[in-house]
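Observations on the three-dimensional arrangement
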Amino acid sequence: MAFLLLRRLVQTALIMLGVAAITFLLLYALPADPARMIAGRSATAQTVANIRRELGLDQPLLVQFWSYLQGLVQGDLGRSYAQKTDVGTLIAARLPATLILMAAGIFVEVLLGVFLGVVAAIRRGGFVDRLVMMASFVGVSAPQFVAALLLLYVFAVTLAWFPMSGFGSFAHVVLPALTLGILGAGWYARMVRSAMIDVLNQDYVRTARAKGLSSFRIIFRHALPNALLPVIAMIGIDIGQFMSGVVVVEAVYGWPGIGQLAWQAIQQVDIPIIMGVTLVSALAIVLGNLLADLVAPLIDPRIRAR
Amino acid sequence: MQVLKSMFRQPAALFGLVVVALVVMLAVAAPLVAPYSPDEQMFDGLTLEGAPLPPSAQFLLGTDTLGRDLFSRLLYGARTSLVIGLVANGVAVSIGLMIGILSGYMRGLIGSALMRFTDLMMAFPALLLAIVLAALLRPSLWIVAMVIALVNWVQVARIVYTETRGLVERDFILAERSLGAGHGRILFHHILPHLVPTAIVWGTLGIATTVLLEATLSFLGIGVQPPTPSWGNIIFESQSYFQAAPWLVFIPGAVILLTALSFNLVGDALRDILDPTQRGRG
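**Focus: the overall build of chain B**
- The helix and strand inventory of chain B stands at 11 helices and 0 strands.
- Of the regular secondary structure in chain B, the N- to C-terminal order runs α-α-α-α-α-α-α-α-α-α-α.
- Taken across its 282 residues, chain B has 46% of its residues classed as buried.
- The long-range share in chain B, meaning contacts at least 24 apart out of those at least 6 apart in sequence, stands at 69%.

**Observations regarding the overall build of chain A**
- Broken down by element type, chain A carries 14 helices and 0 strands.
- Taken along the three principal axes of its C-alpha coordinates, chain A extends 85 × 60 × 30 Å.
- Within chain A, contacts between residues at least 6 apart in sequence are counted, and of these 70% link residues at least 24 apart.

**Side note on the interface of chain A and chain B**
- Counting from both sides, the interface comprises 43 residues of chain A and, opposite them, 37 residues of chain B.
- Elements represented by at least two residues in the side of chain A that touches chain B include exactly helix 1 (2-29), helix 6 (127-141), helix 7 (144-158), helix 8 (170-200), helix 11 (229-253), helix 12 (258-267) and helix 13 (271-299) of chain A.
- Among the elements that make up the side of chain A that touches chain B, the one with the highest residue count is helix 13 of chain A (9 residues).
- For the side of chain A that touches chain B, the per-class residue count stands at 33 nonpolar, 9 polar and 1 charged.

**Here's the deal with the packing of helix 5 (residues 87-122) of chain A against helix 13 of chain A**
All names here are of chain A.
- Packing of helix 5 against helix 13 brings their axes to within 10 Å, and their N-to-C directions diverge by 55°. Overall, the two elements helix 5 and helix 13 adopt an arrangement that is oblique. As for how helix 5 packs across helix 13, the hand of that crossing is right-handed. From helix 5, V87, L90 and I91 reach across to helix 13, where they touch P272, I273, G276, V277 and V280.
- The residue makeup of the contact of helix 5 with helix 13, split by class, is 7 nonpolar, 1 polar and no charged.

**Looking at the packing of helix 4 (residues 70-105) of chain B against helix 7 (residues 141-168) of chain B**
Residues and elements named next belong to chain B.
- Here helix 4 crosses helix 7 at 35°, and the two axes come no closer than 5 Å. You can see that helix 4 and helix 7 cross each other, and the crossing is right-handed.
- For the contact of helix 4 with helix 7, the per-class residue count stands at 23 nonpolar, 8 polar and 1 charged.

**Comments concerning the nonpolar core**
- Formed by 161 residues in total, the largest nonpolar core has its most connected members in A262 and I274 of chain A together with A130 and I131 of chain B.
- Beyond its immediate sequence surroundings of up to four residues, I274 of chain A is in contact with A262, A265 and I266 of chain A together with I131, V132 and A135 of chain B.

**Describing helix 5 of chain A**
- Helix length check: helix 5 of chain A, at 36 residues, gives a terminal C-alpha distance of 50 Å against a target of 52 Å (1.5 Å per residue), a fit within 8%.
- At L95 of chain A, helix 5 of chain A is bent by approximately 40°, the largest bend along its length, and proline P96 of chain A sits one to four residues beyond.

**Examining the environment of F124 of chain B**
- The residue F124 of chain B is located in the loop between helix 5 (108-122) and helix 6 (126-137) in this model.
- Among the residues examined, F124 of chain B registers 25 C-beta atoms within 10 Å and is labelled buried.
- For the pair formed by F124 of chain B and V151 of chain B, sequence separation is 27 residues and the distance between their alpha carbons is 8.8 Å.
- Discounting residues that sit within four places of it in the chain, F124 of chain B has contacts with T278 and A282 of chain A together with L129 of chain B.

**Focus: the confidence of the model for chain A**
- Per-residue pLDDT for chain A has a mean of 81; in total, 92% of the residues score no lower than 70.
- At the level of individual helices and strands, chain A shows its lowest average pLDDT in helix 2 (residues 34-39) of chain A, which scores 66, and its highest in helix 5 of chain A, which scores 89.

**Structural notes on the confidence of the model for chain B**
Residues and elements named next belong to chain B.
- Summing up the model confidence of chain B, the mean pLDDT is 83 and the portion of residues at 70 or higher is 96%.
- When mean pLDDT is compared element by element in chain B, helix 4 scores highest at 90, while helix 1 (residues 2-9) scores lowest at 74.
- Across the interface, the model reports ipTM at 0.81; the global pTM reads 0.85.

Thresholds applied
Residues numbered from 1 in each chain as written. Chains lettered and ligands numbered in written order. Predicted model: local features only at pLDDT ≥ 70, side-chain atom pairs only at ≥ 80, totals over all residues. Helix = DSSP H or I, 4+ residues; strand = E, 2+ residues; numbered from the N terminus. Buried ≥ 20, exposed ≤ 12 C-beta atoms within 10 Å, placed from the backbone. Contact = placed C-beta atoms within 7 Å. Nonpolar A, V, L, I, M, F, W, Y, C, P; charged D, E, K, R; others polar. Axes fitted to C-alpha atoms, helices over the stretch in contact; angles between N-to-C directions. Parallel < 35°, antiparallel > 145°, perpendicular 65-115°, else oblique. Left-handed = near helix turned anticlockwise from the far one by under 90°. Core = buried A, V, L, I, M, F, W, Y, C linked by C-beta atoms within 7 Å. Expected span 1.5 Å × (residues − 1). Bend = angle between axes of the 7 residues up to and from the residue. pLDDT = per-residue confidence, 0-100.

Structure (structure tokens):
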């Protein structure tokens, strides 16, 4: 177990190194002249040369990569072209808002997905099952920005139950979290349904039934915990999908998180910010997967035994 | 033929098939069907105050903020979306097949290096990576397609890798190898044919993902650039106006949803038909 853990940690570190290599290439090696992009259009040749020397862009590529890595480890994500500030500071200031939104979104997604999945599994083949499966397909096929605009139109513009955009109160988080949660719930519903059907067919469930336990107790106490394991792994994998959704949802609802930061950076072709957000998201994805791997054996003793 | 017959028996798959066929036909026949040119800014396409017109007999789905006919723009937008869907996804499935087969078949350094690279690509959030690439490369139709392909091959590679690993262990490959077959023969005559169903299923399901990603990129302003109509940039151009003219956002939105849903339904049905062990799952 300890060996396995160590291996996973090393793997995680290597993947992050690879991620850093790719972001470095996209940031410094691909653009024709990063120094000119930082200096802006009206800069003199002298300014550009100064910036080039300051950033070490006149050094060999490997030396540049090494100092880029050193910076990353210390939380230095480079400087924004347009805002002339530290990307790390900009992201750190906006991270809490995004974390709140993600927590709320994942909460809605998992709760709704597990509930629908269980209901569909119990009513397997019936009308409710087919309805849930169809709805999950629609959720998976819906463009997030359209769903976001639709919720905004119905609940903020027409009914005025929630604010149009912004940040600061519980009412502000409802619509963005619902947008992320409702659409994502489809995957969870399908997975929980399939896991529940497997579990419900097992002998120990039949034994529980034979003992005369109530269906409620069998489903929620005996069957569901065993069907939840893939959900844990799914949350880890899902963070990537989620980070993509966050950009769109934050842009539509004016939520002041890193997604909105990235969206504003797109308008100004401010690549260091987009890159910084990508890097932070990649870190979140890798850590999410690692966390899912670490939590799984705590929940399921069968994995511990392996 | 057998596949089509099975599809006709499932109402959901049949629905998907009909919608896909309809969208493809309308896209191909766009110049014949469209009542106006998609770029024509019509004087009577706006109210006297300069606002877009809601759906009417003259403009079936209304007009946009520049007085262009929404229905015509959607028809031409279908061409953009489908071309990107086919090209981007075709390239993605090809790359995925190639990398998946090679990493599954070749043990040792090359195989594991390819697989680690795939793992690495999975650590990137697809949309953000696409945004970075699109921002760096200044989008055109083909660039957008390539960006989407570069982001979307990963999943296919993973699945093909797993299947290839399974196939390589099977006895008929061992038999073939002991008969003296070379790598090329084993790969192209024995492994590749087994992967055709996977390629077909992902070739279909992937179009849904691609259409959604293209729409999202265009919605963020870094996909297909106006005036070329695409379903995403039609919404992008009128999103700030959506309170006054909701049809400009929700009609294209419904079209995107319906198209993605249909490709998903057809792909899912194909998976059931081509791989009975997966029936009723995921």
